[in-house]
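A look at the structure
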Amino acid sequence: EAAALPLTSLTAWEILFDRLELQLAPHEARRLLVTGAAGGVGSILLQLARRLTSATLIGTASRASSRDWVQQMGAQWVLDHRNPLSEELALTGLKDITHAASLTHTDQHFSELVKLLRPEGRLALIDSPTQPLDVLSMKQKSLSLHWEFMFTRALFANERMARQGQILSRVAELVDRGDVQSTMTR
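**Side note on the overall build of the chain**
Of the regular secondary structure elements, the chain holds 7 helices and 6 strands. Secondary structure elements in the chain, listed N-terminal to C-terminal, are α-β-α-β-α-β-α-β-α-β-β-α-α. Taken over C-alpha atoms, the radius of gyration comes to 16 Å for the chain, in line with the 16 Å a tight globule of 186 residues would show. For the chain, the spread of C-alpha atoms along the principal axes amounts to about 40 × 35 × 35 Å. When burial is assessed residue by residue, the chain has 49% of its 186 residues classed as buried. Within the chain, contacts between residues separated by at least 24 positions form 60% of all contacts whose residues are at least 6 apart in sequence. In the chain, the 20 positive side-chain charges and the 20 negative ones have mean positions that sit 2 Å from each other.

Okay, structure coming up:
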């Protein structure tokens, strides 16, 4: 269970707090949409966001078991990613989102994410889209795009490399308290 945590928890933490800049303190009207929320990174990301932010959490999933899991991990709303995300979000009564973490199929959801993001919103992604992303569509809203790759600090041995040890210590505390659970499956 412990071995399943470093990659997913570092990726999730860096998305939330280093790339999307969702602070560790309450903020009003923050809405985070997580595509691919039932996967390893999404599951940890939702748990961290639930425990450490006051953001409204929205995940995507399609199968009933995945939808249940995403809610168990902390999402207040679950959208079916087989449908246009804007239509799915409208069904919740929410108008828009302030942050998005696109963990899979970014190229398929990109235009919908841009559409849903509030002006000056933030989008982070971890996958490698196979189709070009129309980043110019982000300009009018002054949206920001952030890549997350948890190996960057180690690959470049940058001055923030030690930060990952601090993150893992904090995640270990959350796990020991029972606030975050491992997503090990096999």
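**Points about the pairing of strand β2 (residues 56-60)**
Within β2, 4 of the 5 residues are buried, which leaves the element mostly enclosed by the surrounding structure. Pairing geometry for strand β1 (residues 31-35) and β2, over 4 bridges, is parallel. Of the residues in β2, the one forming a bridge with L32 is L57. Following the backbone out of β1, through helix α2 (residues 40-52) and into the adjacent parallel β2, one traces a crossover that is right-handed. Here 3 bridges tie β2 to strand β3 (residues 77-79), and the two strands are oriented parallel to one another. By the bridge assignment for β3, T60 is matched with L79. The parallel pair β2 and β3, bridged by helix α3 (residues 64-73), forms a crossover whose chirality is right-handed.

**Comments concerning the packing of helix α1 (residues 5-19) against α2**
Direction vectors running N to C along α1 and α2 enclose 55 degrees, while the axes themselves pass 8 Å from each other. With respect to α2, the axis of α1 lies oblique. Two packed elements cross with a definite hand, and for α1 against α2 that hand is right-handed. On the side of α1, the interface is formed by L5, T8, S9, T11, A12, W13, I15, L16 and F17, while α2 contributes G40, V41, I44, L45, L48, A49 and L52.

About the criteria used
- Within every chain, residues take consecutive numbers counted from 1 along the sequence as written.
- Owing to the predicted nature of the model, reporting of local features is limited to residues with pLDDT of at least 70; listing and counting of side-chain atom pairs is limited to 80 or more, with chain, interface and lining totals taken over all residues.
- With hydrogens and water stripped out, all remaining heavy atoms of the structure feed into the side-chain values.
- Secondary structure is summarised from DSSP: a helix means a run of H or I of at least four residues, a strand means a run of E of at least two, and numbering begins at the N terminus for each.
- Taken over C-alpha atoms, the radius of gyration is set against a globule rule of 2.2 Å times the number of residues to the power 0.38.
- Working definition: with a 1.4 Å probe on protein chains only, accessible area under 20% of the residue-type maximum means buried, over 50% means exposed, and in between means partly exposed.
- Here, two residues are considered to be in contact whenever any of their heavy atoms come within 4.5 Å of each other.
- None of His or the chain ends enter the tally, which takes Lys and Arg as positive and Asp and Glu as negative.
- Throughout, a charge is located at the NZ atom of Lys, the CZ atom of Arg, the CG atom of Asp or the CD atom of Glu.
- Two strands pair under a simple rule: DSSP has to find at least two bridges between them.
- Handedness of a crossover is defined as follows: with both strands directed away from the viewer, a clockwise route from the first strand across the helix to the second makes it right-handed.
- In this description, a line fitted to the C-alpha atoms serves as the axis of each element, helices being fitted only across the stretch in contact, and the angle between N-to-C directions of two axes falls anywhere from 0 to 180 degrees.
- Note on angle classes: values under 35 degrees are labelled roughly parallel, values over 145 roughly antiparallel, values of 65 to 115 roughly perpendicular, and the remainder oblique.
- For any helix crossing, the convention is left-handed if the near helix is rotated counterclockwise from the far helix by under a right angle, and right-handed if that rotation is clockwise.

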